[in-house]
Amino acid sequence: MDWRILCDFDGTISREDVTDSVLERFALDGWEDIEDEWKAGAIGSRECMLRQVELIRASQDDFDRHLDKVEIDPSFPAFVKQCRRAGVPLTVVSDGLDYSIRRVLGRHGLGDLPIMANHLDVLGGGRYRLAFPFANEACVGASGTCKCKIAENKPGQRDLRLLIGDGTSDMCAASSVDMVFAKDKLLTHCRERGLPFVAFRDFAQVSRLLATLLDEPVRLGFKAPSHMHLENSVNE
């Protein structure tokens, strides 16, 4: 079985929600009101982030200095190496900012990882603009990056999809993939809806879980799709 991994960034790879930390540090008053509109369901995350990013006022140097303080899970670089050794494609899929993700990962020698996220344009004069190369007008959550669309297999594509995540932006995709490694809000979501998941705390644990998924998937309760034969399945 061939797997591909879609991994969230904010709160999953990073220790904190990086976009929120940027807004708290640099946005003009009013960004929290926009956040409240999103939480109330009045707007989607795409509109929410578009309006919030327009309120950021920071030189690029100050922006970068802030990002250089962001911590990631210390076990994540080793996890990336594990994926590469096993030949498992890993893509960072985020409803956050590609600029922030690239800067943070670059400090750890991971700037070459594929990233699918909202695109941040640096306009100069301390201002920024957001674009949405991975949006989908049919997205249920009106997200900037539609993870459920990204998770879909293309015609003729038969690989299995593993989602690693923690929050609201991962919930739609959790219903579209074959297995979820989940924590926090995503963990609760998967439990409530009976989706296939395994709980995790950090990437040291994720590395162990991935090894099991590749070698003995039935130990994690994984059931192969009907078009695939799974050795040592529970029915044998």
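Residue numbers run consecutively from 1 along every chain, following the written order of its sequence. Local features in a predicted model are, by the rule used here, given only for residues with pLDDT of at least 70; side-chain atom pairs are given and counted only at 80 or more, and totals for whole chains, interfaces and linings are based on all residues. Derived side-chain values reflect all non-hydrogen atoms in the structure, with water molecules and hydrogen atoms excluded from consideration.

(A) Main features of the overall build of the protein. In this text, helices come from DSSP runs of H or I with a minimum length of four residues, and strands from runs of E with a minimum of two, each type numbered from the N-terminal end. Within the protein, the regular secondary structure consists of 10 helices and seven strands. The C-alpha radius of gyration of the protein comes to 18 Å, within 12% of the 18 Å expected for a compact globule of 236 residues. Overall, the C-alpha framework of the protein stretches about 65 × 35 × 30 Å when taken along its three principal axes. Burial status follows relative accessibility: with a 1.4 Å probe on protein chains alone, a residue under 20% of its type maximum counts as buried, one over 50% as exposed, and anything between as partly exposed. Taken over 236 residues, the protein has a buried fraction of 50%. Taking the contacts inside the protein whose residues are at least 6 apart along the sequence as the reference set, 58% of them involve residues at least 24 apart. Only the protein chains shown count as cover for residues, with accessible areas throughout obtained via the Shrake-Rupley method and a probe of 1.4 Å. Counting only carbon and sulfur atoms, one obtains 46% of the accessible surface of the protein, whose full area is about 11700 Å². His is not counted, nor are the chain ends, whereas Lys and Arg count as positive and Asp and Glu as negative. Taken as the charge centre is NZ of Lys, CZ of Arg, CG of Asp or CD of Glu, depending on the residue. Both charge centroids of the protein, one from 30 positive and one from 38 negative side chains, sit 3 Å from each other. All radius of gyration figures rest on C-alpha atoms, and the globule criterion is 2.2 Å times the number of residues raised to 0.38. In this description, contact between two residues means that some pair of their heavy atoms is separated by no more than 4.5 Å.

(B) Summary view of the sheet that holds strand β4 (residues 127-131). With mixed pairing, the seven strands of this open sheet are ordered in space as β4-β3-β2-β1-β5-β6-β7. Of all the strands in the sheet, the pair left with one neighbour each is β4 and β7 (197-199). Pairs of neighbouring strands in the sheet enclose a mean axial angle of 25°, with direction left out of account. Between any two strands, at least two bridges found by DSSP are needed for them to pair. Of the pairings in the sheet, the one linking strand β2 (residues 90-97) to strand β3 (residues 115-124) comprises three bridges and is parallel in character. For V93, the partnering residue across the bridge sits in β3 and is M116. Strand contacts of helix α6 (residues 98-106): β2 and β3, with the helix running at about 105° to β3, the strand carrying the most contacts. Throughout, an axis means a line fitted to C-alpha atoms (over the contacting stretch in the case of helices), and angles, computed between N-to-C directions, take values from 0 to 180 degrees.

(C) A look at the side chain of T212. When you line up the elements, T212 lands in helix α10 (residues 203-215). For T212, a relative accessible area of 17% translates into the label buried. Beyond its immediate chain neighbours, meaning those up to four positions away, T212 contacts P217, R219 and L220.

(D) A look at the confidence of the model for the protein. Think of pLDDT as the predictor's per-residue confidence, scored from 0 to 100. Here the protein averages 91 in pLDDT, while 94% of its residues score no lower than 70. Scored below 50 in pLDDT, residues 229-236 shows 11 contacts in the model against residues more than four places distant or in partner chains.

(E) Geometry of the packing of aromatic side chains. Only centres within 6.5 Å qualify two rings of Phe, Tyr or Trp (six-membered ring in Trp) as a pair; their planes then separate them into stacked at under 30 degrees, edge-to-face at over 60, and tilted for everything else. In this structure the tally under the stated criterion is eight aromatic pairs. Seen in terms of ring centroids, F79 and F203 are 5.2 Å apart; in terms of plane orientation they differ by 50°. Their pairing is tilted. A residue pair is termed long-range when its members are at least 10 positions apart, and F79 in helix α5 (residues 76-86) and F203 in helix α10 qualify at 124 residues. For the pair F79 and F203, a shared accessibility class is recorded, and that class is buried. Between F200 and F203 the ring centres are 6.2 Å apart and the planes differ by 55°, which places this aromatic pair in the tilted class.

(F) Just the nonpolar core, in detail. The term nonpolar core refers to a set of buried residues drawn from Ala, Val, Leu, Ile, Met, Phe, Trp, Tyr and Cys, joined through side-chain atoms within 4.5 Å. Membership of the largest hydrophobic core comes to 56 residues, with the highest contact counts inside it found for I5, F76, F79, L105, I164 and F181. Top element by residues in this core is α10. It accounts for five residues. Once residues lying within four places of it in the same chain are set aside, the contact partners of I5 are F79, C83, V88, P89, L90, T91, L162, I164 and L210. Within the second largest apolar cluster, 14 residues are counted, among which are L6, A173, V180 and L195.

(G) How the structure looks around the packing of α5 against α10. For the pair α5 and α10, the least separation of the axes is 8 Å and the interaxial angle reads 15°. Viewed along their axes, α5 and α10 adopt a mutual orientation that is roughly parallel. For the element pair α5 and α10, the recorded crossing hand is right-handed. Residues F76, F79, Q82, C83 and A86 of α5 lie in contact with α10, whose contacting residues are F203, V206, S207, L210, A211 and L214. Roughly parallel means an angle under 35 degrees; roughly antiparallel means over 145; roughly perpendicular covers 65 to 115; every other angle is labelled oblique. Working rule for handedness: look at the near helix, and if it is turned counterclockwise from the far one by less than a right angle, call the crossing left-handed; if clockwise, right-handed.

(H) Layout of the side chain of D73. Tracing the backbone through its elements, the reader meets D73 in the loop between α4 (60-67) and α5. Of the side chains bearing the opposite charge, R15 lies closest to the buried D73, which forms no salt bridge; the N-O distance is 4.7 Å. Residues contacting D73, with those up to four places away along its chain left out, are T12, I13, R15, D202 and F203. A pairing counts as a salt bridge when a side-chain nitrogen of Lys or Arg comes within 4 Å of a carboxyl oxygen of Asp or Glu.

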